[in-house]
Amino acid sequence: MSHYPTMYHGMSRFAPRDPPPELLTTSFLDKEVLVLTQDGKQYCGLLCTFDHHGNLVLEAAFERIIVGDLYCDIKLDKVVNGFFLIRGNEVCLIGQMDMDRELPQHMRSVSEAEIRKAQKVEKEANDLKRDMMKRMGFLDFDDYDNWSPNNQA
């Protein structure tokens, strides 16, 4: 028997269920966290609260973009009264972060313009690699996005 209730906030047992609240531990509350989202973005900030849907509210949040050895912490535009909301269905990973601890020494902080340029160059290189792999017939193009060195057949 499942430990989930059959009625969840007035919904029937056939409605989609939200993750149980115990999946997001309260030990992260009022601590600096890093949140990785479905689209690969990384957000950092102070976790103020969360709800049973897994929605997170961060204070003093910023987006951290990393390209190779370069990184940039970008202030978020979509902040309301100093708070940033991340929908629970977008969250892949959340972990506590030590803001006083430095990044590895080989990492270099750059401006937003430089990191955007590096992102563009990285995307163009990946697109070129994909195109060349497709032309040379090394991989089935539909499987390229799912390919990794660990799951070779």
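Residues numbered from 1 in each chain as written. Predicted model: local features only at pLDDT ≥ 70, side-chain atom pairs only at ≥ 80, totals over all residues. Heavy atoms only, no water.

- The name recorded for the protein chain in an unreviewed UniProt entry is Sm domain-containing protein, from Crotalaria pallida.
- For the protein chain, the Sequence similarities (unreviewed entry) comment in UniProt is given as "Belongs to the snRNP Sm proteins family." (UniProt positions renumbered as here; feature names shortened; annotations may be inferred.)

### Concerning the pairing of strand S5 (residues 83-86)
Here is step 1: The alternating pattern of S5 places Phe84 and Ile86 on a buried face and Phe83 and Leu85 on a face that is not buried.
Here is step 2: In this structure, strand S3 (residues 56-67) lies alongside S5, joined through four bridges in antiparallel fashion. Looking at S5, one finds that Val57 is bridged to Leu85. (Buried < 20%, exposed > 50% of the residue type's maximum accessible area, 1.4 Å probe, protein only. Helix = DSSP H or I, 4+ residues; strand = E, 2+ residues; numbered from the N terminus. Pairing = 2+ DSSP bridges.)

### A short note on the pairing of strand S1 (residues 32-37)
Here is step 1: Where burial is concerned, the two faces of S1 differ: the one with Val33, Val35 and Thr37 is buried and the one with Glu32, Leu34 and Leu36 is not.
Here is step 2: Relative to strand S2 (residues 42-50), S1 is paired through five bridges, and the arrangement is antiparallel. For Glu32, the partnering residue across the bridge sits in S2 and is Leu46.
Here is step 3: Pairing between S1 and strand S6 (residues 91-96): five bridges, direction antiparallel. Directly across from Val33, in S6, lies its bridge partner Gln96.

### Let's talk about unusual backbone geometry
Here is step 1: Positive phi outside glycine occurs at Asp30, with the angle close to 60 degrees.
Here is step 2: Topologically, Asp30 is positioned in the segment before S1.
Here is step 3: By relative accessible area, Asp30 is classed as exposed at 61%.
Here is step 4: With a phi angle near 55 degrees, Ala60 is a residue other than glycine that sits in the positive phi range.
Here is step 5: With respect to the helices and strands, Ala60 occurs in strand S3.
Here is step 6: Judged by relative accessible area, which is 59%, Ala60 ranks as exposed.

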